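# Per-entry structural report
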Amino acid sequence: MSDHLLFVGTYSQRGSKGIYAIRVASDTGAMTIIGETPANNASFLCLSPDARYLFAVSETGERPDGKRGGAVVSYAVQGSNLKQLSEQPVEGTYTCHVACSPNGRWLVASNYGDGTHAAVPVGADGVLGRPADIVTNPGKPGPNQKGGHAHSATFSKDGKFVYACDLGLDRVCVYRLDDKTGKMTLASAAAAPPGAGPRHFAVHPRLAAAYAINELNSTVTTFSRNPSTGALTTKQ
């Protein structure tokens, strides 16, 4: 059995260096740090579908250059080493999540501080372009919330829909993503219980089902999912 390679993102605090490459032994599960890449609050990572590129958020209210907002960063994966290719501001603060489309052409970055999601084009060389579209989730704040807090965006398997969790609004918004332009159009939305705080989302790989994990009340909501329209119906 061959060992596994794991990339771990961290906040840049308490001596953290940024992104760590870790070898996981297949026979014992033992983990060994084998590489470090400096990064600014790389609190969430994702790989391109072909694993050639790694994308990280920079979860900040202000970037190192003094400009407002968070960003997404792209790297070329060279074994256990990462080579930075580009950094793209996404016009929002505290970028906490990034997801890559199934065809590898788009990222959707979620800005916790602003309640927005940005569609960012990915070049064939892994270089990121300026956001093609930025959307703000609609809805009224939940209990003890002052506004929206976009916490994640998850693609459907076919890449047609993006499921956007908003912790502040207690909603999962369903967007259609235009693969040519990157425009995100609101198709529907599903409500979580008041005060639930939906954070991350998962689409079942085979069944017409999906799930949201709710941070604030420590629950999971089960939805039935319409594959044609993307619409969600609460089941449990």
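Each remark here, short or long, concerns the structure printed above.
Now for a look at the structure at hand. (Residues numbered from 1 in each chain as written. Predicted model: local features only at pLDDT ≥ 70, side-chain atom pairs only at ≥ 80, totals over all residues. Heavy atoms only, no water.)

Another aspect to go through is the pairing of strand E14 (residues 171–177). A large share of E14 lies buried, amounting to five of its seven residues. Note: strand E13 (residues 161–166) against E14, six bridges, orientation antiparallel. In the sheet register, Cys 165 faces E14, and the bridge partner there is Val 172. Between the end of E13 and the start of E14, which pair antiparallel, lie four residues, with Asp 170 showing a positive phi angle near 55 degrees. In this sheet, strand E15 (residues 184–191) lies alongside E14 in antiparallel orientation, the contact comprising seven bridges. (Buried < 20%, exposed > 50% of the residue type's maximum accessible area, 1.4 Å probe, protein only. Helix = DSSP H or I, 4+ residues; strand = E, 2+ residues; numbered from the N terminus. Pairing = 2+ DSSP bridges.)

Here we take up the nonpolar core. A general feature of soluble globular proteins is that nonpolar side chains tend to end up buried together. Among the nonpolar cores identified, the biggest contains 15 residues, and Phe 55, Val 72, Val 90, Val 98, Leu 107, Val 120 and Leu 128 are the most heavily contacted of them. Elements with a minimum of two residues in this core: strand E5 (53–58), strand E6 (71–78), strand E8 (95–100), strand E9 (106–111) and strand E10 (116–121). Top element by residues in this core is E5. It accounts for three residues. In terms of nonpolar packing, the next biggest core, distinct from the first, is built from 13 residues, Val 108, Phe 155, Ala 164 and Leu 177 among them. (Core = buried A, V, L, I, M, F, W, Y, C linked by side-chain atoms within 4.5 Å.)

The next thing to look at is the state of the cysteines. Enumeration over the complete set of coordinates arrives at zero disulfides. There is no disulfide at Cys 100, and the cysteine sulfur nearest it, in Cys 46, is 5.5 Å away. (Disulfide = S-S within 2.5 Å.)

Right, let's talk about the pairing of strand E11 (residues 133–136) for a bit. Residues of E11 alternate between two faces, with Asp 133 and Val 135 buried on one and Ile 134 and Thr 136 left unburied on the opposite face. The pairing of E10 with E11 spans four bridges and is antiparallel. Of the residues in E11, the one forming a bridge with Thr 116 is Thr 136.

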